[in-house]
Amino acid sequence: MSDANPYAMLLEPVQIGPVTARNRFYQVPHCTGLGHLRPRADAAVRGMKAEGGWAVVSNQETEIHPTSDLSPYAEGRLWDARDVPALWLMTDAVHAHGALAAIQLVHNGNHAQNLLTRAPVLAPSEMSVDMTHPKQAQAMDKADIREFRRWHREAALRAKDAGFDIIYVYAGHNMTLAQHFMLPHMNQRSDEYGGSLENRVRLTRELLEDTHEAVGDSCAVALRFAIDEMVGADGMQASEEGRAVVELLADLPDLWDVNVADWSNDSATTRFQPGDGYQNAFLSHVKQITRKPVVGVGRLTSPDMMLSMVKKGIVDLIGAARPSIADPFIPKKIEEGRIDEIRECIGCNICVSSDNLGIPIRCTQNPTMGEEWRRGWHPEIIPPKKSNADTLVIGGGPAGLECATQLARRGYQVTLAEASAEFGGRVAKESKLPGLAAWSRVVDYRLIDLKQRGNVQLFTDSRLDGDQVAELGVEHVFVATGSHWRTDGIGRSTQRHMPQIEQTAKVLTPDDIMNGLLPPDGPVMIYDDDHIYLAGVIAEKLATAGYQVVFVTPESLVSTYAVNTLEQPRIQARLIELGIDIRCNQVLTAVKGDIARIGCAFTGRETDIPCASTILVTERHRETALYDSLHGIGLKTLELIGDAASPGLIVDAVFAGHRAARDFERPKAEADKDWFRREIIDLEET
Ligand code: ADP
Ligand code: SF4
């Protein structure tokens, strides 16, 4: 640490109960979709954060008992002593790099459906389970509460055995029993655990006391607390009961980890919450009430913001989940004055979607995330070149940019040719749409890196054809020419019955809109068979520009895939607020003149919509013409990557570019032998 470092304050140690964090960088608990099902992979994710300089590295919510069974999701599990060895993997990996390991113990109450265990669901009062599973929870009686406290205490002891330094009591995200008891709409009890706030907080107080008593001699006891439900006077507010909870528990936890609920508010996307530090207003008074250290989050990627939060006394520790996923090495980079090298989270929540889908974590910005153990990938280190081969990457979208960046880091000579006037491909275009500005970080991070390297030549306005590639004489070519939106209306809902689209109909695609074309005056119908963000942001753009927009989708929700990124309700609300006419469960059947015909997805009953134009957001055609033309020219490497190989999300394109660069000149047999290491179930009886 150097005093000349303007961020030196962020590198100061912080005492947390009986343990000391070496600096102020704190990776708060976050899910990985790995959890108890893939413990080696999870341990490697956490170990990488420790290597990257985080002082505290937490795991994800960790079920303490079979009555809190989050199956089929892969969270942490510590039901009994047999779960301890898998957690040693993580604590060893974290300790190996000098960081503290934290565990987020949880009982999820009615948020757990207990689908694996078939155990009764527990809650403060009678109520349905939190998800759509048709099942109800039973109100806990006093004996149940005593049992719950015993489970929590025993789990804390097991967590200590597993090597954790910080042990959480978790009252957040509207997903845990401790918080459920605090919330009047979930707690209608008339005993000493219900009614007054003091009574509703009693259980959390007892859990904190129990945990201190069990493990407090050597482990810090943290409280993760959702101070505001973000529903105004309808729920807990930071300025009212949220503050009162902090006053009631003040110095009882060794650490306050404070955030907002529910998860969609805590992990808000940049589309709906553009600024980092967006939770500061909810946190700012906590430190005035407690003498214990406070950690807060809010998609903190800017060192200046971090510093100002510490200087202003908002927090003692800089909490991060997503920023630490996008760049596990933020602390090291700040320590070493490499601010430009920070790979900033773009707030797209693809990482969150992994957990919601029950698959290993992935990240748009950091293609190595989740691949540390199974593929042996490191976010900062890539094997050096194997030869002095020259490489050519054609197409400067996310796939081409990432491929070029990693080839250059390996030390190869790299030429990157882009047809248009700017780099970025779809990202450059999409980031100009409403709410997606932060996505340009995908381009910026890579271009900044590429421009600093002497072994890279960058060309825009360079649409290459087969002859030009042959003339260049580079024998190793990666083709990342992307894709374009189709105009015939074919998509997943219309595969069997292609829509009848008259030649004269005014049909546009997202490419047209992103290229600056506007529909003619009059109503515009947007048909979304893509189901994530694009159709919604185009609708928003056009409605804001004064168009009358009809949004048609064969799904029963707008942007239904965005359920996984926690954005769906916000998207639908925004379109409604913009006065957009939303037609769900409707399939496009024809566009004739100024009429679009749609049919009910269930009955087929047809309706006509008057519209001056139609925007089709259905599927994409891959741009493979150049690739096809290069087969006969004797190249030693010819690889099609990104959307040109398989149109998908930006995260997929970045991953494809990264993998191609890593696998370049890797013996094919080795690359093909196993795709990645697997954690195979042990058949030994337990
Ligand atoms: P991906 O997501 O796979 O990176 P994109 O569509 O975002 O794909 O980017 C592909 C890029 O390739 C676009 O910027 C496009 O202009 C560029 N491109 C397409 N064909 C050529 C070509 N023949 N020569 C150079 N660049 C090309
Ligand atoms: Fe950030 Fe998106 Fe990566 Fe998640 S997936 S960490 S939101 S860039």
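All chains use their own residue numbering, which begins from 1 and follows the written sequence. Chains and ligands are labelled sequentially in the order written, the chains with letters from A and the ligands with numbers from 1. For this predicted model, a pLDDT threshold of at least 70 governs which residues receive local features, and a threshold of 80 or more governs which side-chain atom pairs are given and counted, while totals over whole chains, interfaces and linings are taken from all residues. Hydrogens are left out, water is left out, and the side-chain values use all remaining heavy atoms of the structure.

Peer 1: When you look at the domain arrangement of the protein chain in this model, what are you seeing that I'm missing?
Peer 2: Interfaces are often described in size by the accessible area the parts lose on coming together. By domain assignment, the protein chain separates into domain 1 (8-357), domain 2 (390-482 + 624-676) and domain 3 (487-621). Note that domain bounds follow an automatic or database assignment of domains. Taking only C-alpha atoms into account, the centre of domain 2 sits 31 Å from that of domain 3. The contact criterion used is simple: two residues touch if any of their non-hydrogen atoms lie within 4.5 Å. Residue-level contacts link 12 residues of domain 2 with 9 residues of domain 3. When the two sides are added together, the surface that domain 2 and domain 3 hide from each other amounts to roughly 1100 Å², 68% of it contributed by carbon and sulfur. Within this document, salt bridges are pairs made up of a side-chain nitrogen of Lys or Arg and a carboxyl oxygen of Asp or Glu, the two lying within 4 Å of each other. In this structure, the connection of domain 2 to domain 3 is made through 1 salt bridge. As a salt-bridge pair, aspartate 643 and arginine 620 come within 3.4 Å of each other at their nearest N and O atoms. Each polar contact in these results corresponds to two N or O atoms within 3.5 Å; when the atoms are within protein, one needs to be able to donate a hydrogen and the other to accept it, and residues that are neighboring in sequence are counted only if both atoms are side-chain atoms. Summed over the shared surface of domain 2 and domain 3, the result is 5 residue pairs in polar contact (both at pLDDT 80 or more). Numbering goes from the N terminus for both helices and strands, where a helix is a DSSP run of H or I of at least four residues and a strand is a run of E of at least two. Of the residues forming the side of domain 2 that touches domain 3, the biggest block, 3 residues, is contributed by helix 15 (residues 425-430). Note on definitions: buried area is the accessible-area loss of two parts on being combined, 1.4 Å probe, summed for both.

Peer 1: Quick question: what am I supposed to make of the pairing of strand 14 (residues 317-320) here?
Peer 2: Along any regular strand the residues' side chains alternate between the sheet's two faces. Only protein chains enter the accessibility calculation, which uses a 1.4 Å probe; a residue whose area is less than 20% of its type maximum is buried, one above 50% is exposed, and one in between is partly exposed. Here strand 14 shows two buried faces, one formed by Leu317 and Gly319 and the other by Ile318 and Ala320. Pairing analysis gives 3 bridges linking strand 3 (residues 25-27) to strand 14, with the strands arranged parallel. Paired with glutamine 27 across the bridge in strand 14 is alanine 320. At least two bridges found by DSSP between two strands is the condition for calling them paired. Note: strand 13 (residues 294-296) against strand 14, 2 bridges, orientation parallel.

Peer 1: Help me understand the site of ligand 2 in this model?
Peer 2: Throughout, the term near means that a residue has one or more heavy atoms lying within 4 Å of the molecule or strand in question. What surrounds ligand 2 is the set Arg322, Ile325, Ala326, Cys345, Ile346, Gly347, Cys348, Asn349, Ile350, Cys351, Cys363 and Thr364. In this analysis, the protein atoms alone were mapped onto a 1 Å grid. Cavities are point sets where a 1.4 Å probe fits without being able to get out; pockets are open sets with protein on both sides within 12 Å along at least five of seven lines; lining residues have an atom within 4 Å of a point. A molecule is counted as occupying a cavity or pocket when more than half of its atoms fall within 2 Å of that pocket's grid points. Comparing atom positions with the cavity grids shows ligand 2 to sit within the second largest cavity. Residue assignment for the shell around ligand 2 shows that the elements contributing at least two residues are helix 11 (322-326) and helix 13 (350-357). Broken down by element, the shell around ligand 2 gets its largest block of residues, 3 residues, from helix 11.

Peer 1: What's the story with the sheet that holds strand 28 (residues 613-617) in this structure? I'm lost.
Peer 2: In a beta sheet, neighbouring strands pair by backbone hydrogen bonds and run either parallel or antiparallel. Taken in spatial order, the 5 strands of this open sheet run 21-28-22-23-24, and their pairing is parallel. The open sheet terminates on both sides in strands that have one partner only, identified here as strand 21 (507-508) and strand 24 (581-583). For strand 21 and strand 28, the ladder comprises 2 bridges, and the chain directions are parallel. Bridge assignment links valine 507 to a residue of strand 28, and that residue is threonine 614.

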